[in-house]
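Understanding the architecture of this molecule
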Amino acid sequence: MLMGPQAGALVLLALTVGCQASPPAVDDGGAAAPPQGPYASVAHCTPVGQPERCPGAACGALATGRPDQRGVELAACGTLDAAFVGGTAVARVGTPDLAIHLGGSLSGLVRVEASEDGLRYVVAGFFPSAPSGTVPDCRAVLQPPRVLLDFDRCNSIANVRFLRLSRDPQVGGAPTIDAIEALSFSAR
């Protein structure tokens, strides 16, 4: 249970970032996405404001697989939900567990949430900035063109299959997400 300034910062951000999306269907009855090893295989975008730059839910696919210089602009895709098919990202003590590969500018405020089951999410960190009062453990490590997150620093979670990246629309700017990589991956 979170207490003190950390809880206040998370409540404040939850109130300021109202856009929520459903986790991407790993098996929606159609052809299953091929496993991408340690890279997110399925992604779904909930567009906001500028659909011409993010033409609907399918644009999330631009953030799947290995980095390829194509990505989802979070300025238009307010919430990006992603999933690992064929395994999970695993927390390792004292080392980054997730790399978010970026394209374009590194600006704005993005909240990263992680889940094992796609139903209960915990905040894994913020990048490239963080809400006022956020504890240092919840700030991602910036190593352009990547952002690194450690699953046991902000709110501990051991296994991650689903991720949710939400842009705060009240903070100017937004990065482009090229790929999401589990630095420690356990295949099913």
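Keep in mind the model is a prediction, meaning the values are calculated, not measured. (Residues numbered from 1 in each chain as written. Predicted model: local features only at pLDDT ≥ 70, side-chain atom pairs only at ≥ 80, totals over all residues. Heavy atoms only, no water.)

**Overview of the nonpolar core**
Membership of the largest hydrophobic core comes to 32 residues, with the highest contact counts inside it found for Ile100, Phe127, Leu165, Ile177 and Ile180. Put simply, the parts of the chain that give this core at least two residues each are β1 (42–47), β3 (77–83), β5 (98–103), β6 (110–115), β7 (122–127), β9 (146–149), β11 (162–167) and β12 (176–182). Among residues more than four places away in sequence, those in contact with isoleucine 100 are Val112, Phe127, Pro145, Arg146, Val147, Leu149, Leu165, Ile177 and Ala179. Of all hydrophobic cores here, the second largest spans 6 residues; its members include Leu109, Ala130, Cys138 and Cys154. (Core = buried A, V, L, I, M, F, W, Y, C linked by side-chain atoms within 4.5 Å. Buried < 20%, exposed > 50% of the residue type's maximum accessible area, 1.4 Å probe, protein only. Helix = DSSP H or I, 4+ residues; strand = E, 2+ residues; numbered from the N terminus. Contact = heavy atoms within 4.5 Å.)

**Here's the deal with the packing of aromatic side chains**
Aromatic ring pairs are reported here in terms of the distance separating the ring centres and the angle at which the planes meet. A full pass over the atoms with the stated rule returns 1 aromatic pair. The lysine or arginine in question, arginine 164, covers the ring of tyrosine 121, its NZ or CZ lying 4.3 Å from the ring centre. (Phe/Tyr/Trp six-rings, centres within 6.5 Å; stacked < 30°, edge-to-face > 60°. Lys NZ or Arg CZ within 6 Å of the ring centre and 35° of its normal.)

**Details of the pattern of salt bridges**
Inspection of every chain in the model, using the stated rule, returns 6 salt bridges. A salt bridge links aspartate 97 to arginine 92; its shortest N-O distance comes to 3.8 Å. Judged by relative accessible area, arginine 92 falls into the partly exposed class, the value being 30%. Taking the shortest distance from any N to any O, the salt bridge between arginine 153 and aspartate 137 comes out at 3.1 Å. Taken together, the residues arginine 153 in the loop between β9 and β10 (159–160) and aspartate 137 in the loop between β7 and β8 (141–143) connect sequence positions 16 residues apart. The exposure class of arginine 153 is partly exposed, given its relative accessible area of 32%. (Salt bridge = Lys/Arg side-chain N within 4 Å of Asp/Glu carboxyl O.)

**Considerations on the confidence of the model for the protein**
Across the protein, pLDDT averages 82, with 77% of residues at or above 70. Highest mean pLDDT in the protein belongs to β6 (97); lowest belongs to helix α1 (residues 4–16) (38). Considering only residues more than four positions removed or in separate chains, one finds that residues 1–22, a stretch of pLDDT under 50, has 41 contacts. Confidence drops under a pLDDT of 50 for residues 26–32, and excluding neighbours within four residues, the segment shows 4 contacts in the predicted structure. (pLDDT = per-residue confidence, 0-100.)

**Observations concerning the sheet that holds β10**
Read across the sheet, 3 strands follow the order β10-β4-β13 without closing on themselves; strand pairing throughout is antiparallel. Strand pairing shows two members of the sheet lacking a second neighbour, β10 and β13 (185–187), which therefore form its edges. Bridge count for strand β4 (residues 87–90) against β13 is 3 bridges, and the pairing is antiparallel. Looking across to β13, one finds that alanine 89 is bridged to phenylalanine 185. (Pairing = 2+ DSSP bridges.)

**Some words on the environment of valine 85**
When you line up the elements, valine 85 lands in the loop between β3 and β4. Residue classification places valine 85 among the buried positions, given a relative accessible area of 8%. Between the alpha carbons of valine 85 and alanine 40 there is a distance of 7.1 Å; along the sequence they are 45 residues apart.

**Examining the pairing of β3**
For β3, the buried fraction is high: 7 of the 7 residues fall into the buried class. Where β1 meets β3, 6 bridges bridge the pair, whose relative direction is antiparallel. Pairing of cysteine 45 across the sheet is with leucine 80, part of β3. For β3 and β11, the ladder comprises 5 bridges, and the chain directions are antiparallel. Residue pairing for β11: leucine 80 is matched across the bridge by leucine 165.

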